[in-house]
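# Coordinate analysis (summary)
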Amino acid sequence: MATARPTPILPPNFAPEGLAALLKPTLVFETEASSPFADGYSVRLEEAALAEYIAAGASPDDPMFDRYAELEERRDRLQQMQRERDDHRGADVIATRAEAQGIDAIGGLVDGGLDQMMIHTIEAYRIFLGRSRDTANHINPIIGGKRVASCLRNLWMLTANDNPYAEWALLRHEHGVNDVHKHLQDEIAKAEGMLDQQRKRGLVLAVLASSSPMTVNLGFRSPYGYAISMLVVDYDHYVRLQKTLQRKNLLTDEEVRASLRKAQRAILNVFYGTARFDRWLSRPEIRALNRGDWISSDEDAAKRVQFAVSVFGPVPAAIYKAAVSPSHSRRHYSLTDAEQAVLKQVGDQLEAAEQAEVEAGSTPVPAEDAAVVS
């Protein structure tokens, strides 16, 4: 005599779809920690796992069909979740629709006031403005901070193309400016120490200041423009102190002239190096240079790399691999696994070439760049 199958004991108000879920076959699927699903289901990894089966036609008679059907369902759910998230502007679900849409109404950040720089010395103002060529008097031009700020903005914009040479230029500039700042701060501290010694003896000496300082309105469109203004005001303060020591018999005329020449030369060396990178990287035939050019089969890409290497030398591996980056960059940082693998592969090749050059007795990275990439 056949035994009747017992009726399942279910909790009160148990919905029919709940029973269907219990009776549904257990599926094995790929998971990842970043999955938007509570069970960790990974659409990306499942697509890779089922790629061969799908390419073969996704036969319903295959045991893999249940996984394929689940993948299709999850894709639809993921698209719906993304639509809902976009409609909610990515806000927490606790926010109302009206509150979430308020994100679109918020304006961009603007300067609430006017940025200004006050300069007391002709030397600092000249460093900022530069000097044009005077053919009649055989006076050579001098590049100024204002022009270099424009060069830096252009290089900063080029980083949006994933241009490693633009990043290299910005890193070189930052390193050079940091060295200049350190020199100026050391000289400022030394000068202030000399004034302080006189103060302790009872002689209070005032620091020279302009009777009509120049106020310059700033409207830089990159962070690096403001870095230039900080350098200029540091230099201005340094010049004031040097001339104070000269005026008040604590330094000789020649000592002050030599000190000012040294500081000016250091600043201009950084300025001209930065302008050189900008001049070449802005040329139409190389402006589109990007990290992908190193592995591209495109003829123009190969020419861009060859041109850059011929002008500047090989880009340091640490910079190409983005192991070091400038303080400010517009580069896209959300890289796929494949893009990261490519970066590492090419970077490793560049690194191996650098090591081979070192072992051969030559240095591929200029001495002034050693600290930049270390």
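A brief structural summary. Note that this is a predicted model, so its numbers are computed, not measured.

## A look at the overall build of the protein
- Looking only at helices and strands, the protein has 14 helices and two strands in total.
- Taken across its 374 residues, the protein has 32% of its residues classed as buried.
- By element, 53% of the accessible surface of the protein is carried by carbon and sulfur atoms, the whole surface being about 23100 Å².

## Details of the pattern of salt bridges
- Across all of its chains, the model carries 19 salt bridges by this definition.
- Between E32 and R44 there is a salt bridge; the shortest N-O distance is 2.9 Å. With E32 in the loop between α1 (16–23) and α2 (43–49) and R44 in helix α2, the pair connects residues that are twelve residues apart, well separated along the chain.
- In this structure R44 comes out as partly exposed when scored by relative accessible area, which is 46%.
- Close ionic contact of R283 with E285 constitutes a salt bridge, the shortest N to O distance being 2.8 Å.

## What to know about the environment of E187
- Locating E187 in the fold gives a position in helix α8 (residues 164–200).
- On the basis of relative accessible area, E187 is assigned to the buried category, the value being 16%.
- The spatial distance from the C-alpha of E187 to the C-alpha of L241 is 9.0 Å, given a sequence separation of 54 residues.
- Among all residues touching E187, those that are not within four sequence positions of it are Y238, Q242 and S259.

## What to know about helix α6 (residues 122–129)
- Of all the residues in α6, the buried ones are A124, I127 and F128. An end-on view of α6 places all buried positions within 100° of arc, on one side of the element.
- Of the surrounding secondary structure, the elements contacted by the buried residues of α6 are β1 (115–119), α7 (145–158), β2 (214–218), α9 (223–247) and α10 (253–281).
- G130 occupies a position one or two residues after α6 and carries a positive phi of about 80°.

## Focus on the packing of α7 against α8
- One can describe the packing of α7 onto α8 by two numbers: an axis separation of 8 Å at closest approach and a directional angle of 140°. With respect to α8, the axis of α7 lies oblique. Considering the relative orientation of α7 and α8, their crossing is left-handed. Residues V148, L152, L155, W156 and L158 of α7 pack against A166, A169, L170 and H173 of α8.
- Grouping the amino acids of the contact of α7 with α8 by side-chain chemistry returns eight nonpolar, one polar and no charged.

## What about the environment of F29?
- Position of F29 among the secondary structure elements: in the loop between α1 and α2.
- Between the alpha carbons of F29 and E46 there is a distance of 6.7 Å; along the sequence they are 17 residues apart.

## Remarks on the packing of aromatic side chains
- Within this structure, the stated rule accounts for 13 aromatic pairs.
- Note on F277 and F312: the rings are 4.3 Å apart at their centroids and 10° apart in plane angle, and the pair reads as stacked. Of this pair, F277 sits in helix α10 while F312 sits in helix α11 (residues 299–312); the two residues are 35 residues apart in sequence, bridging distant segments of the chain.
- Residue classification places F312 among the buried residues on the basis of a relative accessible area of 10%.
- Pairwise contacts between aromatic rings join Y165, W168, F277, W294, F312 and Y320 into one cluster.
- Sitting above the plane of the Y320 ring, R291 keeps its charged end 5.7 Å from the centroid.
- One residue, R330, lies across the ring of W156, its end atom 5.1 Å from the ring centre.

Procedures and definitions
Residues numbered from 1 in each chain as written. Predicted model: local features only at pLDDT ≥ 70, side-chain atom pairs only at ≥ 80, totals over all residues. Heavy atoms only, no water. Helix = DSSP H or I, 4+ residues; strand = E, 2+ residues; numbered from the N terminus. Buried < 20%, exposed > 50% of the residue type's maximum accessible area, 1.4 Å probe, protein only. Areas by Shrake-Rupley, 256 points an atom, 1.4 Å probe, with all protein chains shown as cover. Salt bridge = Lys/Arg side-chain N within 4 Å of Asp/Glu carboxyl O. Contact = heavy atoms within 4.5 Å. Arc of directions from axis to C-beta. Axes fitted to C-alpha atoms, helices over the stretch in contact; angles between N-to-C directions. Parallel < 35°, antiparallel > 145°, perpendicular 65-115°, else oblique. Left-handed = near helix turned anticlockwise from the far one by under 90°. Nonpolar A, V, L, I, M, F, W, Y, C, P; charged D, E, K, R; others polar. Phe/Tyr/Trp six-rings, centres within 6.5 Å; stacked < 30°, edge-to-face > 60°. Lys NZ or Arg CZ within 6 Å of the ring centre and 35° of its normal.

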